[in-house]
Amino acid sequence: MEAVPSRCLFLLFLSTCKLFPEAAAEVQAPSDGPGTQEPVRLADVQAAMEFIAAAEVAVIGFFQDLEVPAVSLIHSVVQNFQDVSFGISTASEVLAHYNITGNTISLFRLVSQVDNKQLDLKGEDIESMDATKLSRFIESNNLHLVTEYNAITAIGLFNSMIPIHLLLIMNKASSEFEENLHRFQEAAKLFQGRILFILVDSGVKQNEKAISFFKLKMSELPALAIYQTLDDKWDTLPITEVLIEQVQNFCDGFLKGKRLRENHESEEKTSKVEL
């Protein structure tokens with residue numbers, strides 16, 4: 001009898017390695033300093049649609065009026081998420097278009113066609129909301145074409161409808177990092193809706209446990225690691241640099257059932273026993 005559902009195996013492995021207790025510490029307190037980003041006022045449906053389409057991740061406050069406490073909450077967390085677009089709308093036509101019937105904060109993400117959905121905070125969630133809870137909601141669902149792995153984003157990644165994840169395991173301090181990340185992002189566009197692309201910084205000590213799950217040694221990095229959450233199948237490919245064609249071939253091969261690494265069956269059984 002299986003001890004845990006296979007979809008949660010890798011997530012359970014990470015949590016038993018004590019990665020998740022740090023999650024609360026990674027949610028930043030609201031910044032008191034000056035900033036340049038402010039929520040955009042969305043006056044009509046066309047403006048809202050264009051706003052959402054232009055952002056990888058967008059957070060919109062849909063309110064009956066601007067006097068509700070949740071409005072100030074959005075303003076308080078804006079500066080902590082420079083990679084998220086924030087908007088506010090009180091227009092009745094906009095609220096109706098997005099099926100809003102009460103004060104609601106919604107998150108939209110374009111990481112894929114599958115996950116291109118509206119995640120809502122409303123009702124009692126809004127009434128009990130504070131800046132820390134709102135930040136945690138945004139951070140845990142802040143998925144991009146390439147999402148950097150950490151204790152909080154892991155939650156959103158494994159709650160995603162997309163069951164296949166491709167990891168680029170590389171030290172962000174490397175002089176070649178930015179160029180390789182750019183090519184990894186370009187490759188991600190080829191598999192939008194089918195594979196989530198994730199960056200794991202091998203220079204972060206807390207990530208060593210995630211790396212060891214794939215039986216990789218530090219001497220084998222940088223590397224690509226691909227994982228199927230539904231049945232725990234995985235594969236790895238040590239690389240010297242990210243090449244779009246190489247990433248494409250590796251992903252296509254995995255989708256067709258081909259795996260490069262040998263002795264997977266014995267390795268997967270071993271990892272389950274360890275859990």
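As a reminder, the structure under discussion sits directly above these lines.
Residues numbered from 1 in each chain as written. Predicted model: local features only at pLDDT ≥ 70, side-chain atom pairs only at ≥ 80, totals over all residues. Heavy atoms only, no water.

Before going further, it helps to spend a moment on the sheet that holds strand 10 (residues 234–238). Reading across from one edge, 6-8-7-9-10 is the order of the five strands in this open sheet, with mixed pairing throughout. Looking at which strands have only one partner, the edges of the open sheet turn out to be strand 6 (146–148) and strand 10. Taking each pair of neighbouring strands and ignoring which way they run, the sheet shows an average axis angle of 25 degrees. Bridge count between strand 7 (residues 164–170) and strand 9 (residues 223–228): six bridges; the pairing is antiparallel. Looking across to strand 9, one finds that Leu166 is bridged to Ile226. (Pairing = 2+ DSSP bridges. Helix = DSSP H or I, 4+ residues; strand = E, 2+ residues; numbered from the N terminus. Axes fitted to C-alpha atoms, helices over the stretch in contact; angles between N-to-C directions.)

A separate point is the sheet that holds strand 1 (residues 40–41). Ordered in space as 1-3-2-4-5, the five strands form an open sheet in which the pairing is mixed. Both outer strands of the open sheet, strand 1 and strand 5 (118–122), are each paired with one neighbouring strand and no more. Note: strand 2 (residues 57–62) against strand 4 (residues 104–109), six bridges, orientation antiparallel. Within strand 4, the position partnered with Gly61 by the bridge is Ile105. Its contacts with the sheet place helix 3 (residues 45–53) against strand 1, strand 2, strand 3 (85–89) and strand 4, and it is angled at close to 150 degrees to strand 2. (Contact = heavy atoms within 4.5 Å.)

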